[in-house]
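Chain and residue survey
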Amino acid sequence: MTPLRTERLILRNWEERDRPLFHRINSDERVMEFFPFRRDRAQSDALFDGLRDGIARRGFGFAAVEIDMTGECIGFVGLHPAEYLEPFLPKDTIEIGWRLAPEFWGKGYVTEAAETHLAHGFEVFGFDEIVSFAVTGNGRSTAIMERIGMRRDAAGDFDHPRVPHTHPHLKRHVLYRLARADWEDRKRAAG
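Residues numbered from 1 in each chain as written. Predicted model: local features only at pLDDT ≥ 70, side-chain atom pairs only at ≥ 80, totals over all residues. Heavy atoms only, no water.

Now for empty space enclosed by the protein. This structure, assessed with the given rule, holds one cavity of 30 Å³ or more. Put simply, the largest cavity is a space of about 50 Å³. Forming the walls of the largest cavity are Met1, Leu4, Gly59, Phe60, Gly61, Leu79, His117 and His120. (1 Å grid on protein atoms, 1.4 Å probe; cavity = no way out; pocket = protein on both sides within 12 Å on 5 of 7 lines; lining within 4 Å. Points joined across faces, edges and corners; volume = space filled by probe spheres on them.)

And the structure:
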């Protein structure tokens, strides 16, 4: 993955120095509020390696977000295949997702990075549609989805197959979509 730059951020593949932050966000109670599990260090490292290798192979993925002025990694934002959600979404579906350390919430970093990843996905990779989904009631995430131009597809809401029945309050997910044509219209309107 060639690093992408925004006004304040560098979006890049994971580096060894990012492992501690990656584990912290994947085990933090606030960050993982809408997930049924927290990852220990070994589980976090395995996910880290998988994401890094996937980005190297595909050229995109849940990429590290670094503050340009400080060099500090603050979490991830990126595009990723949602291949594990059949039959709710086709195997070739591309999702956009994010996860930041809490001290960086509310500063517009996710929106800034997500807009850049959407542009890259539509313009460089030629995706026809990008989706996002979150647990019903996760207002922070759905607000970002709406801010970046995505629209709710209530008919597509689903019970996430990877959420165990021991966590029924986390099973139901809302689905948001953004078609390339709608993204292009939005871009033209913004001028």
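Two numbers describe a pair of packed helices, the interaxial angle and the distance between the axes. Following both chains from N to C, one finds helix α3 (residues 109-123) and helix α5 (residues 180-190) inclined at 120°, their axes separated by 11 Å at the closest point. It follows that α3 is oblique to α5 by the angle criterion. Our pair here, α3 against α5, has a crossing hand that is left-handed. Counted together, Glu115, Leu118, Ala119, Phe122 and Glu123 of α3 and Arg180, Trp183, Arg186 and Lys187 of α5 form the full contact between these two elements. Among the residues making up the contact of α3 with α5, the classes are represented as four nonpolar, no polar and five charged. (Axes fitted to C-alpha atoms, helices over the stretch in contact; angles between N-to-C directions. Helix = DSSP H or I, 4+ residues; strand = E, 2+ residues; numbered from the N terminus. Parallel < 35°, antiparallel > 145°, perpendicular 65-115°, else oblique. Left-handed = near helix turned anticlockwise from the far one by under 90°. Contact = heavy atoms within 4.5 Å. Nonpolar A, V, L, I, M, F, W, Y, C, P; charged D, E, K, R; others polar.)

Pairing of strand β6 (residues 129-135) with strand β9 (residues 172-179), which is carried by seven bridges, proceeds in the antiparallel orientation. Each residue of the ladder has a partner; that of Glu129, found in β9, is Ala179. Summarising the sheet, strand β7 (residues 151-152) and β9 pair through two bridges and their orientation is antiparallel. Each bridged residue has a counterpart across the sheet, and for Arg151 the counterpart in β9 is Arg177. Relative to β9, strand β8 (residues 158-159) is paired through two bridges, and the arrangement is antiparallel. Across the sheet, the residue bridging to Phe158 is His173, located in β9. (Pairing = 2+ DSSP bridges.)

In terms of nonpolar packing, the biggest core is built from 47 residues, with Trp14, Ile96, Trp98, Leu118, Ile130, Ile148 and Met150 touching the most fellow members. For this core, the element with the highest residue contribution is α3, accounting for seven residues. One finds Ala82, Leu85, Leu89 and Phe133 within the second-largest nonpolar core, a separate group that totals seven residues. (Core = buried A, V, L, I, M, F, W, Y, C linked by side-chain atoms within 4.5 Å. Buried < 20%, exposed > 50% of the residue type's maximum accessible area, 1.4 Å probe, protein only.)

Our next topic: the packing of aromatic side chains. In total, this model carries 14 aromatic pairs according to the counting rule given. On the basis of an interplanar angle of 70° and a centroid distance of 5.0 Å, the ring pair of Trp14 and Phe22 is categorised as edge-to-face. Classification of Trp14 as buried rests on a relative accessible area of 4%. On the basis of an interplanar angle of 35° and a centroid distance of 6.4 Å, the ring pair of Phe22 and Phe76 is categorised as tilted. Taken together, the positions of Phe22 in helix α1 (residues 19-27) and Phe76 in strand β4 (residues 73-81) put the pair 54 residues apart, joining distant regions of the chain. Feature note: the residues Trp14, Phe22, Phe48, Phe62 and Phe76 constitute an aromatic cluster, connected by ring pairs. (Phe/Tyr/Trp six-rings, centres within 6.5 Å; stacked < 30°, edge-to-face > 60°.)

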